[in-house]
Amino acid sequence: MSSPPPDPLPPTTSTAPWPALVAIATLLLVLAAAFAWVGGWIGRDRLTAPRLVDAIEGGKPYPGFRRAHSKGVCVAGYFEPSAQAARLSRARVFHQPRTAVQGRLSIGGADPHALDAQARVRSLALLLKTDDGQEWRMAMNSFPFFAVATPAGFHAQLLASRPDPATGKPDPARMAAFLAEYPEAKRFQAWAKSAAWSSSWANTAYNGVNAFRFIDAAGRERFVRWSMQPQAPFEPLGDAEREHADADYLHEDLQARLQQGPLRWNLVVTEAAAGDPVDDPSQAWPEDRPQHVAGVLVLERSQPQATGPCRDVNYDPTVVPEGIALSDDPILAARAAAYAVSFHRRERETARGDAGEATR
Ligand code: HEM
């Protein structure tokens, strides 16, 4: 008798490792490409956050410093909401009596050694942390509206403003081409030429310029913009004073004022009307829109940025508490991405120890 035939072999398809390995390799390649894309290493024409920050650096980074608004000082104090603020938004910051604030006053520009009195743009960044751990971060400027409507416009502005090595000034032909493509920037130029300069960080108004949404207790939403209006009276800083002021003029003025007592700003919230642009920070809203004083910011003390708590903070304006929400403004989204790139560059440099005076 012959022996029974052996059991048939199981199908062979699942035993070969190659298809699985090819699938894994393909997935890894796709992931690597996605990271490279997001990181800006491929897709040369695409405007990415690293390219925006490269354009701000202009080939001359200052290790350890913020890539924009590099010169500044840490400040701290508190915020107290007004009674009407609670009706505008259910955010905790408008419902608890007082919220601790830590922030930063700075001047615009990438040079940490710039002359304070020559800076056309001054800035205030804030981090408010409520008792439930929620955070509201803001970064505001002294201009009333942004120069351009889109991140591409901002990138073009940075390239057009770069000094020509031959003259030390922006190339007029490039600037004219930029203004032809982004005519909204002419409004900003007019503001920069004509607006009065204030004499202090303390008597400057700081504007959020991007639109956000406030959500009230009933779930009703309204588009808003906010600004910090100084309680200190406006005093002008004339051309001659600007010319001869100390390099750290604003810092010295701040110290002198804080020695006399705290500095105060009203948080003024402006409501949009139907049809107002809520995704374009280059367009101011008409003057007659309803405004509400939502509270008072009180700054009591300052510390050098090299050693103070603001050094390692990213004042990303898209960090908002429940009760405040973002708009679809593309500048807002670009800011979040660019601030993260700048933050990671400066933190890496600081950790490596090549940040120079930024860490002293
Ligand atoms: C596409 C548009 C913009 C880009 C790419 C951009 C980029 C940056 C970057 C890279 C930083 C440094 C962040 C860090 O290292 O922590 C910065 C800081 C800052 N930006 Fe912008 N920015 C934009 C628009 C604006 C606007 C519209 C405002 C205000 C109205 C603003 C206000 C500020 C302020 C106040 C700071 C300093 C924050 C601090 O003290 O840490 N920026 N920006």
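Bear in mind the structure is a predicted one, so any value in this text is a computation, not a measurement. (Residues numbered from 1 in each chain as written. Predicted model: local features only at pLDDT ≥ 70, side-chain atom pairs only at ≥ 80, totals over all residues. Heavy atoms only, no water.)

### Describing the pattern of salt bridges
On inspection of all chains with the given rule, the structure shows 20 salt bridges. A salt bridge links D116 to K71, with the shortest nitrogen-to-oxygen separation between them at 2.8 Å. Pair noted here: D116 is in the loop between strand 2 (99–107) and strand 3 (122–129) and K71 is in the loop between helix 2 (49–57) and strand 1 (72–81), with a separation of 45 residues, a long-range link. In terms of burial, D116 and K71 fall into one category: buried. The partner of E221 in a salt bridge is R213, with the nearest N and O atoms 2.9 Å apart. Overall, the relative accessible area of 42% leaves E221 in the partly exposed class. (Salt bridge = Lys/Arg side-chain N within 4 Å of Asp/Glu carboxyl O. Helix = DSSP H or I, 4+ residues; strand = E, 2+ residues; numbered from the N terminus. Buried < 20%, exposed > 50% of the residue type's maximum accessible area, 1.4 Å probe, protein only.)

### So, the coordination of the iron atom of the ligand
Of all protein atoms, Y339 (OH) alone acts as a donor to the iron atom of the ligand, lying 2.2 Å away. The topology assignment puts Y339 in helix 9 (residues 330–352). (Donors = N, O, S within 2.8 Å, 3.2 Å for Na, K, Ca; no water.)

### So, the nonpolar core
Grouped together as the largest cluster of nonpolar side chains are 42 residues, with contacts concentrated most on F94, L124, L126, W136, W226, M228 and L267. The residues touching L126, leaving out its near neighbours within four places in the chain, are V101, Q102, G103, W136, R137, M138, M140, M228, L297 and Y315. Ranked by size, the runner-up nonpolar core spans 17 residues in total, among them F178, F188, V209 and I331. (Core = buried A, V, L, I, M, F, W, Y, C linked by side-chain atoms within 4.5 Å. Contact = heavy atoms within 4.5 Å.)

### Some points on the packing of helix 2 against helix 9
The geometry of helix 2 relative to helix 9 is characterised by a closest axis approach of 8 Å and an angle of 65° between their N-to-C directions. Put simply, helix 2 runs roughly perpendicular to helix 9. The crossing of helix 2 and helix 9 is right-handed. For the pair helix 2 and helix 9, contact is made by A49, P50, L52, V53, D54 and E57 and by A334, A337, A338, V341, S342 and R345, respectively. (Axes fitted to C-alpha atoms, helices over the stretch in contact; angles between N-to-C directions. Parallel < 35°, antiparallel > 145°, perpendicular 65-115°, else oblique. Left-handed = near helix turned anticlockwise from the far one by under 90°.)

### Description of the side chain of D329
When you line up the elements, D329 lands in the loop between strand 10 (324–326) and helix 9. Although D329 lies buried, it forms no salt bridge, and the closest oppositely charged side chain, R225, sits 6.1 Å away as judged by the N-O distance. One polar contact links the side chain of D329 to the main-chain amide nitrogen of I331, over a distance of 2.8 Å. Beyond its immediate chain neighbours, meaning those up to four positions away, D329 contacts N210, A211, V278, D279, D280 and P281. (Lys, Arg positive; Asp, Glu negative; His and termini not counted. Polar contact = N/O pair within 3.5 Å; in protein donor to acceptor, adjacent residues only side chain to side chain.)

No statement about biological role is implied by the geometric values presented.
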